[in-house]
Amino acid sequence: MSESPTQPSSPSAPNLPPPLPLAVPAARPANEHDEGEEVSPVSNEGGTFRSSDIRERGGINDSHAILGTLQQLVTGQEQQNQLIKTLQKNILTARTMINEIIVTQNELKDELEAIKRSSSCEHCVRKEAVFQARSNMTIVGQTTDEQIDAILENRKQRGLHPVKHGQLKAFATQEDLRKVRKHFSDRHLHLAVKIPKSENNKAGDRACILCSDSKVKRKTTWMCATCHVPLCNKILLNEEEGSKTHHDLWHMANDLLAQHAICHEQLIKSRGKKRERPDGDNNCGDIQQEMDITRENERDEEVN
């Protein structure tokens, strides 16, 4: 068996050991780190950032944030102080106004008490005297509100209230109407109210029942709310200040017919004319009397 001829070895470099690998440090895994070293969770190609790499940058940002927060706190504190000063100023102003109002109120109370005690206020004195007189009109136990209500209801059912004809004579002679006229209480105050206007009485006025007759009349726009009769609510022009009105006298008089005669005579004197016709030309006297009455009525209406 023939052997293949061996190839002669070529001249080459002597046999050397293989070269050793270069010691290149490999990137450490993210889960490996030196003991005691903080590792940032931020990753990057080829490894991780250590906290030491960004600590300086993060500290600068935190300082800016803290300074900004402090500046906002200082600004808010200044605004709060300014608001407190404004509120204190407003409170001081309000207290000053309240004190002035209290002082003014006390002064008004003192003036009112002085007016009440002063005798110069004749109107107040007269009103108080009338009120006292009316309070004394009803004798205790004589009439009650229930009795007056029953009288008025009975007359209304019979068509006798309000009294339409002969009012003076009816209130002077009929006992039930006399009780109504003289009774005064919180329920029956006998207040003076305006006469309602109607188609037949567009002016809303009627002749006063206590001072007028068929010839000499004094019209008024007031009537008693309980008695439903027209009554003057102002004194005559020739009467003294403080005199009682015909509305007052109507409810206070014991003899109503005698009181009517007195009031009627005062009305005639206030006009300077008597009911009798003057001597001479009767027609001229009648015309002059009517003119005087008309002017007096107009003047009385302005007063009432």
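Residues numbered from 1 in each chain as written. Predicted model: local features only at pLDDT ≥ 70, side-chain atom pairs only at ≥ 80, totals over all residues. Heavy atoms only, no water.

Undergrad: Can you break down the environment of R187 residue by residue, with the values?
TA: Tracing the backbone through its elements, the reader meets R187 in the loop between α5 (175-182) and β3 (192-194). In sequence terms R187 and E146 are 41 residues apart; their C-alpha atoms lie 9.9 Å from each other. With residues near it in sequence (within four places) discarded, R187 still touches D145, E146 and D149. Of note is the side chain of R187, whose polar atom sits 2.4 Å from the side chain of D149. (Helix = DSSP H or I, 4+ residues; strand = E, 2+ residues; numbered from the N terminus. Contact = heavy atoms within 4.5 Å. Polar contact = N/O pair within 3.5 Å; in protein donor to acceptor, adjacent residues only side chain to side chain.)

Undergrad: Can you break down unusual backbone geometry residue by residue, with the values?
TA: Following H161, the chain continues into P162 via a peptide bond in cis, with omega recorded as 0°. For P162, the location among the structural elements is in the loop between α3 (145-157) and α4 (167-173). Backbone geometry at H190 places phi at a positive 55°, although glycine is not the residue there. Under the relative-accessibility criterion, H190 is labelled buried at 2%. We note that H228 has phi near 60°; this positive angle belongs to a residue other than glycine. Position of H228 among the secondary structure elements: in the loop between β6 (222-224) and α6 (246-252). (Buried < 20%, exposed > 50% of the residue type's maximum accessible area, 1.4 Å probe, protein only.)

Undergrad: Talk me through the nonpolar core; I want residue IDs and the actual numbers.
TA: With 23 residues, the main nonpolar core has F171, L210, V229, L231, W250 and L256 as its most contacted residues. Residue assignment for this core shows that the elements contributing at least two residues are α4, α6 and α7 (256-271). The element contributing the most residues to this core is α7, with four residues. (Core = buried A, V, L, I, M, F, W, Y, C linked by side-chain atoms within 4.5 Å.)

Undergrad: Please provide a residue-by-residue account of α3, values included.
TA: The first and last C-alpha atoms of α3 sit 18 Å apart over 13 residues, in line with the 18 Å expected at 1.5 Å per residue. By the burial criterion, the buried members of α3 are D145, I148, I151, L152 and R155. Summarising the axial view, the buried residues of α3 lie within an arc of 125°, below the 170-degree limit, and thus occupy one face. Facing away from the buried side of α3 by over 90 degrees, the exposed positions are E146 and Q157. Positioned one or two residues after α3, G159 has a phi angle of 75°, which is positive. (Expected span 1.5 Å × (residues − 1). Arc of directions from axis to C-beta.)

Undergrad: Describe α7, with residues and values.
TA: The terminal C-alpha atoms of α7, which comprises 16 residues, lie 23 Å apart, in line with the 22 Å expected from a rise of 1.5 Å per residue. Here α7 has its buried residues at L256, Q259, H260, C263, H264, L267, I268, S270 and R271. Between the side-chain oxygen at the start of α7 and the backbone nitrogen of L257 there is a gap of 3.4 Å, and the oxygen is on D255. Taken from the residues just after α7, G272 is the one with a positive phi, measuring 70°.

Undergrad: Let's hear about a nonpolar patch on the surface: which residues, and what values?
TA: A cluster of nonpolar side chains, contributed by I66, L67, L70 and L73, occupies part of the molecular surface with about 420 Å² of accessible area. Secondary-structure assignment places L70 in helix α1 (residues 51-117). (Patch = residues over 30% accessible without salt bridge, like charges linked within 9 Å, V, L, I, M, F, W, Y side chains within 5 Å. Areas by Shrake-Rupley, 256 points an atom, 1.4 Å probe, with all protein chains shown as cover. Salt bridge = Lys/Arg side-chain N within 4 Å of Asp/Glu carboxyl O.)

Undergrad: Summarise the confidence of the model for the chain; cite the residues concerned and give the values.
TA: On average, residues of the chain carry a pLDDT of 75, and 60% of them reach 70 or more. Considering each helix and strand of the chain separately, the mean pLDDT is smallest for strand β1 (residues 39-44), with a value of 46, and largest for β6, with 95. Across residues 1-13, where pLDDT falls below 50, the model places zero contacts with residues more than four positions away in sequence or in other chains. In this model, residues 274-287 is a region of pLDDT below 50 whose contacts with residues beyond four sequence positions or in other chains number ten contacts. (pLDDT = per-residue confidence, 0-100.)

Undergrad: Any details on the packing of aromatic side chains? Residues and values, ideally.
TA: Each aromatic ring pair is described using two quantities: the centre-to-centre distance and the angle formed by the ring planes. Enumeration according to the criterion identifies one aromatic pair in this entry. Residues F171 and W250 carry aromatic rings whose centres are separated by 5.3 Å and whose planes lie at 65° to one another, so their mutual orientation is edge-to-face. With F171 in helix α4 and W250 in helix α6, this residue pair connects regions lying 79 residues apart in the sequence. With respect to class, F171 is no different from W250; both count as buried. (Phe/Tyr/Trp six-rings, centres within 6.5 Å; stacked < 30°, edge-to-face > 60°.)

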